[in-house]
Amino acid sequence: MPTPIKATVKVGAKPAAASSGSIVRFSDQLTNSITDVAKIIEQHKGMIDSIQEIALELTTSIGTLHTLTVKYARTANQILDVLLPILKNLPLIPKNVMQMLINLEVTTQKIIDNEAATSRTITDVSAGLRTGDVNRIQGHAGQLQLVTKTLTDMLPK
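Keep in mind that what you see is a predicted model, and the values were worked out from it rather than measured. Counting restarts for each chain, with residues numbered from 1 along the sequence as it is written. Under the rules for a predicted model, residues below a pLDDT of 70 receive no local features and side-chain atom pairs below 80 are neither given nor counted, while totals for whole chains, interfaces and linings still include all residues. Only hydrogens and water are set aside; all other atoms, that is, all heavy atoms of the structure, feed into the side-chain values.

Salt bridge, as used here, is a side-chain nitrogen of Lys or Arg placed within 4 Å of a carboxyl oxygen of Asp or Glu. Counting across every chain of the model gives 4 salt bridges. Taking the shortest distance from any N to any O, the salt bridge between Arg-136 and Asp-124 comes out at 3.5 Å. Here Arg-136 is found in helix H5 (residues 134–137), whereas its partner Asp-124 is found in helix H4 (residues 115–131), with 12 residues between them in sequence. By relative accessible area, which is 36% here, Arg-136 ends up partly exposed. The closest approach of N and O atoms between Lys-149 and Asp-153, which form a salt bridge, is 2.9 Å. Highlighted residues: Lys-149 and Asp-153, both in helix H6 (residues 140–154), separated by 4 residues, approximately one helical turn. Counting from the N terminus, the helices are DSSP H or I runs at least four residues long and the strands are E runs at least two residues long. Here the term buried applies to any residue with accessible area under 20% of the maximum for its type, exposed to any over 50%, and partly exposed to those in between, with areas from a 1.4 Å probe on protein chains only.

Structure representation (structure tokens):
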């Protein structure tokens, strides 16, 4: 077994210079990078704040649209719950109209079923945007994509 090599650096001693005679310190590079990032943020502060305000307004608009959609989906669903059993027994109703009503009932039920998750996502994103809490916003991109996919799947083909 080879003999371990012991480090011979003295605490407080300056490190030996590289063969070229000088070295670039990691701490200097990091300090310069942090200073550059701070300057970039300061230069783009207005744009960053505007993006946050627009995101908050979009979230509020989506929340309002969601509330309206759920309200009318519940109303439509209640009407269809009463009408569908009656209409199924009437031979005068064309099959394509019956299928459209059944599809409408399925769509309204999906909207109602997704209400809690969508409301929670909208509330969390809105709160995170208002308080600047990035942790509250993170992770909701996937949930919003799922909401978008669910809504897209419900669109007529």
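In this section: the packing of helix H2 (residues 45–88) against H4. Fitting a line to C-alpha atoms yields each axis, with helices limited to the stretch in contact; the angle taken between N-to-C directions then spans 0 to 180 degrees. Between H2 and H4, the shortest axis-to-axis distance is 10 Å and the interhelical angle comes to 160°. Put simply, H2 runs roughly antiparallel to H4. Viewed along their axes, H2 and H4 form a crossing whose handedness is left-handed. Together, Gln-52, Ala-55, Leu-56, Thr-59, Thr-60, Ile-62, Gly-63, His-66, Val-70 and Arg-74 of H2 and Glu-115, Thr-118, Ser-119, Ile-122, Val-125, Ser-126, Leu-129 and Arg-130 of H4 make up the contact between the two elements. Three categories are distinguished: nonpolar for Ala, Val, Leu, Ile, Met, Phe, Trp, Tyr, Cys and Pro, charged for Asp, Glu, Lys and Arg, and polar for the others, with Gly belonging to the last. Considering only residue class, the contact of H2 with H4 consists of 7 nonpolar, 8 polar and 3 charged. Small angles under 35 degrees read as roughly parallel and large ones over 145 as roughly antiparallel, with 65 to 115 read as roughly perpendicular and the rest as oblique. Crossing chirality is assigned from the near helix's rotation relative to the far helix, an anticlockwise turn below a right angle marking it left-handed and a clockwise turn marking it right-handed. We call two residues in contact when some of their heavy atoms are within 4.5 Å.

What follows covers the side chain of Thr-108. With respect to the helices and strands, the residue Thr-108 is situated in helix H3 (residues 95–113). Not counting residues up to four positions away in its chain, the partners in contact with Thr-108 are Ala-73, Ala-76 and Asn-77.

With that out of the way, let us pick up a nonpolar patch on the surface. Residues forming no salt bridge and having over 30% relative accessible area are the ones grouped into patches, like charges within 9 Å of each other and nonpolar side chains (Val, Leu, Ile, Met, Phe, Trp, Tyr) within 5 Å. Per-residue accessibility takes into account occlusion by the displayed protein chains alone, with areas from the Shrake-Rupley method and a 1.4 Å probe. Residues Val-37, Ile-41 and Ile-48 make up a contiguous nonpolar surface patch of about 260 Å² in total accessible area. Tracing the sequence through the fold places Val-37 in helix H1 (residues 26–43).

Let us look at the confidence of the model for the chain. Low pLDDT means the predicted coordinates in that region are not meant to be read closely. The predictor reports its confidence for every residue as pLDDT, a score running from 0 up to 100. Taken as a whole, the chain shows an average pLDDT of 84; of its residues, 87% reach a score of 70 or greater. Per-residue pLDDT, averaged within each element of the chain, yields its smallest value for H6 (82) and its largest for H2 (94). A low-confidence stretch, residues 7–11 stays under pLDDT 50, and its non-local contacts, those more than four residues away or across chains, total 0 contacts.

Bringing H4 into the picture now. Every α-helix carries 3.6 residues per turn, so stepping three or four residues along brings you back to the same face. Relative to the 24 Å expected for 17 residues at 1.5 Å per residue, H4 spans 24 Å between its end C-alpha atoms, a close match to the ideal helical length. Among the residues making up H4, those that are buried are Thr-118, Thr-121, Ile-122, Asp-124, Val-125, Ser-126, Ala-127, Gly-128 and Leu-129. Elements that come into contact with the buried residues of H4 comprise H2, H5 and H6. Looking one or two residues beyond H4, the residue adopting positive phi is Gly-132, at roughly 70°. A helix is expected to span 1.5 Å multiplied by its residue count minus one.

In this section: the packing of H2 against H3. Packing of H2 against H3 leaves a shortest axis separation of 9 Å and a crossing angle of 145°. The interaxial crossing formed by H2 with H3 has left-handed handedness. Together, Thr-69, Val-70, Ala-73, Arg-74, Ala-76, Asn-77, Leu-80, Asp-81, Leu-84, Leu-87 and Lys-88 of H2 and Met-98, Leu-101, Ile-102, Leu-104, Glu-105, Thr-108, Gln-109, Ile-111 and Ile-112 of H3 make up the contact between the two elements. A breakdown of the residues in the contact of H2 with H3 according to their chemical character gives 12 nonpolar, 4 polar and 4 charged.

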